Amino acid sequence: MGGLYALLASGLSLAWGVMNEINIAHGSIAILGSYVAYWALQLWGIDPVVSIAISVPFCLVLGAALQQFVNMTSTRIPQAKIEFYSYLIFFGMLFISEGLMVAIWGGRFRAIRTAYNQTSVFLGPIALPLPTLIGFVFGTALTLAVYYSLKKTYTGMAVRATADDREIAMAMGINTHRIYVYTFAIGSGLAAIGGMCLGLLSIFYPDIQFYWITRLFAIVVLGGMGNLLGTYLGSLILGVAVSLTTVFTTASWADVVAYVMLIIVLTVRPKGLFGAR
Amino acid sequence: MRLAMWIPIAALFASLPFLGLPKEMLPLLILILMFCALATSWNILAGYAGYISFGQAGFFGIGAYVTAMPLYYQGVNPFLMVPLAGVASASLAFVVGYPCLKLRGAYFAIVTMALAFILQLIVWNVPWTGGGVGLPLPILTASETFIEPIVAYYLAMLGVTLAALIVSQAVENSKFGYGLIAIRESEEVAESAGVPTLKFKILAFMLSTFFAGMVGGIWAPWVAYVQPIGAFPIFVSIYSVVMSVFGGIGTWIGPMLGAIIMTWLQQYLLTNVRIAGIDNIIFGAILILVVITMPNGVIAPVRKLVSSFGAIVRRVGSRKGSSD
């Protein structure tokens, strides 16, 4: 589970850390990824794992367009207010996308059914459900890939510079608006893959994004915003915590644990478990 | 003096159902009043102090269960429990206020959102609240409410809404309100200027949740069914924010305006446009449009219009005066 969480949370974490934007519509994009995978399978019989070839470019473009829209409209907004402003704009987008999904696909519960949905891979005595494994592999590989490209590539350096200090990055000749668009697009692309894995694992419907987005916020806060490695570790911690509570009590208590963890971490270490003090 | 202006308004609205207003209008009016009260009370903390809460649904749900459970188990008249519903919500706000209100901006928004989810899940998991199935409540009869039940709900909701508006207006023009606005502008400066920031914030949080709890307390017997998803509706949290932003946060009149327009619009869309989700699409588009073009809400241009109109009236008046 942890890897899947990381897949979904890194885009949120990046947007928050780099641009100080709180993308509450992130869950929407992920659910869109689920729907694309679902329909690709239903209509054309495309395997969900292959269908990310459709959903990722789609969500990349969508994310870039959304961010471009925010860039264009937020020029008069002071930097200190951008957090709340972007929050409201993304809120509006969440409403629109939620309404569109309900209007087009209805509010019914859906699940992606493939041949390997119920199969497991055995590692010695441990049985790993294949969908979880897919999520974990994608999550780990892609989070690490993004993490290293942030560290090593020129664009990654520009992203980090923009996150540190937007004005100075601009003065250094970095097109911060373009960096914003890149970062947002990458986050959306990751969310699309996350959404596909989500669809393999459990049911989904347009409103489930509210449930996911709170969990994702918990992860991002746990790991420290903008800190991808922290986000990854936060995802693993949350995944383990949720699994353990599911084993010892019932599944419905698992989220209570997740949210209580979030509140405790927030009040004790607001910068995240792995953030600088 | 300011209080006096509310008496005719209250009297007018309270007499509406007795002056031949069709009974079919009352549910819509109750809904409008409900969101009025929710948005107005949300605004007390968010608009003045700048602490954006996303937990309004949690406190609404507490209120709903505080009236629903005695009604279900003992048949206690829910209207007696409504003030208690508010007190229960405010007490919880007092308890969680200290750790939560240390967090700012988005962190506070997230922690309140999580709080609403925790409350919902606790209710879900505890058996005596009815669990996930919920509690079906007995439908009240006229003998229990003295007048027709729907009128009773209308009057109760009206009372809570007016109280929320009066309190909000009083806060806006009080030392307390100025303290909250100082906190919004800069908490450090407010603190060093001698504003007891923590006390003010907790008080504002309690006020804002007090009304949310009472609204929930009236809502539960009205719909006659409480259930974790229905009684902690995420749309209550969301609409409180959206309606207030639409109307103009930080003013007592803005959230009311937003609630009236948007609730009416939503009901109109739901009944007349037969596409599921259309209300959310329109809401989203309106929200984005308002945020981009009128960051202070629709109340700002309205106020400008009113004040320029007032200036014209005054100018005409003074010209008359000088010519005499």
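Our subject is the structure that appears above.
Residues numbered from 1 in each chain as written. Chains lettered and ligands numbered in written order. Predicted model: local features only at pLDDT ≥ 70, side-chain atom pairs only at ≥ 80, totals over all residues.

**Q** Lay out the overall build of chain B with the relevant residues and their values.
**A** Across its full length, chain B carries 15 helices and 2 strands. Here the C-alpha radius of gyration of chain B, 21 Å, is about what a compact globule of 324 residues would show, namely 20 Å. With respect to the three principal axes, the spread of C-alpha positions in chain B is 75 × 55 × 40 Å. Nonlocal contacts in chain B, meaning residues at least 24 apart in sequence, comprise 79% of its contacts between residues at least 6 apart. (Helix = DSSP H or I, 4+ residues; strand = E, 2+ residues; numbered from the N terminus. Rg over C-alpha atoms; globule rule 2.2 N^0.38 Å. Contact = placed C-beta atoms within 7 Å.)

**Q** How would you sum up the overall build of chain A? Please name residues and give values.
**A** Each helix and strand in chain A was counted, giving 11 helices and 2 strands. Seen in sequence order, chain A has helices and strands lined up from the N terminus as α-α-α-α-β-β-α-α-α-α-α-α-α. When burial is assessed residue by residue, chain A has 52% of its 277 residues classed as buried. Sequence-distant contacts, at least 24 apart, represent 77% of the contacts inside chain A between residues at least 6 apart. (Buried ≥ 20, exposed ≤ 12 C-beta atoms within 10 Å, placed from the backbone.)

**Q** Tell me what's going on with the nonpolar core, and back it up with residues and numbers.
**A** Residues and elements named next belong to chain B. Membership of the largest hydrophobic core comes to 201 residues, with the highest contact counts inside it found for Ala114, Val215 and Leu287. Looking at this core element by element, the count peaks at 16 residues for helix H10 (residues 197-223). In this structure valine 215 touches Met34, Ala37, Leu38, Phe60, Gly63 and Val160, once residues within four positions along its chain are discounted. (Core = buried A, V, L, I, M, F, W, Y, C linked by C-beta atoms within 7 Å.)

**Q** Before we move on, can you summarise the packing of helix H4 (residues 78-100) of chain B against H10(B) with the specific residues and values?
**A** All names here are of chain B. At a minimum axis separation of 7 Å, H4 and H10 run at an interaxial angle of 145°. By crossing handedness, the relation of H4 to H10 is classed as right-handed. Residue classes in the contact of H4 with H10 are distributed as 20 nonpolar, 7 polar and no charged. (Axes fitted to C-alpha atoms, helices over the stretch in contact; angles between N-to-C directions. Left-handed = near helix turned anticlockwise from the far one by under 90°. Nonpolar A, V, L, I, M, F, W, Y, C, P; charged D, E, K, R; others polar.)

**Q** If you had to explain the interface of chain B and chain A to someone new, which residues and values would you point to?
**A** Taken together, the contacts link 33 residues of chain B with 36 residues of chain A. A per-element tally of the side of chain B that touches chain A places helix H5 (residues 105-125) of chain B first, with 13 residues. Class assignment of the residues belonging to the side of chain B that touches chain A gives a composition of 26 nonpolar, 5 polar and 2 charged.

**Q** Tell me what's going on with helix H12 (residues 234-247) of chain B, and back it up with residues and numbers.
**A** Residue and element names in this part refer to chain B. The first and last C-alpha atoms of H12 sit 20 Å apart over 14 residues, in line with the 20 Å expected at 1.5 Å per residue. Counting buried positions over the 14 residues of H12 gives 12, a clear majority of the element. Along H12, the positions that sit buried rather than exposed are Val236, Ser237, Ile238, Tyr239, Ser240, Val241, Val242, Met243, Ser244, Val245, Phe246 and Gly247. At the C-terminal side of H12, glycine 248 shows a positive phi close to 125°. (Expected span 1.5 Å × (residues − 1).)

**Q** I'd love a proper account of the environment of Gln120(B), names of residues and values included.
**A** All names here are of chain B. Among the secondary structure elements, glutamine 120 is positioned in helix H5. Its 22 C-beta neighbours within 10 Å are what place glutamine 120 among the buried residues. Those residues in contact with glutamine 120 that sit more than four places away from it in its chain are Gly61, Pro228 and Phe232.

**Q** Could you give an account of the environment of Val290(B), with specific residues and numbers?
**A** Residues and elements named next belong to chain B. Within the fold, valine 290 resides in helix H14 (residues 278-293). By C-beta crowding, valine 290 is classed as buried, having 21 other C-beta atoms within 10 Å. In this structure the C-alpha to C-alpha distance between valine 290 and glutamate 172, which are 118 residues apart in sequence, comes to 23 Å. Once residues within four sequence positions are removed from consideration, valine 290 is found in contact with Val245, Phe246, Gly297 and Val298.

**Q** Describe in detail the environment of Gly284(B), supporting the description with residues and values.
**A** As for its placement among the helices and strands, Gly284(B) is situated in helix H14. Here the alpha-carbon distance between Gly284(B) and Val242(B), two residues 42 residues apart in the chain, equals 9.0 Å.

**Q** Which residues make up the packing of helix H4 (residues 82-105) of chain A against H14(B), and what are the values?
**A** Relative orientation of the contacting elements H4(A) and H14(B) amounts to 160°, with a least axis distance of 7 Å. One element, H4(A), and the other, H14(B), form an angle in the roughly antiparallel class. At the point where H4(A) passes H14(B), the crossing takes the left-handed sense. Here H4(A) contributes Tyr85(A), Leu88(A), Ile89(A), Phe91(A), Gly92(A), Met93(A), Phe95(A), Ile96(A), Glu98(A), Gly99(A), Leu100(A) and Ala103(A) to the contact with H14(B), which in turn contributes Ile278(B), Asp279(B), Asn280(B), Ile281(B), Phe283(B), Gly284(B), Ala285(B), Leu287(B), Ile288(B) and Val291(B). (Parallel < 35°, antiparallel > 145°, perpendicular 65-115°, else oblique.)

Remember, this is a structural readout, not a statement about activity or role.
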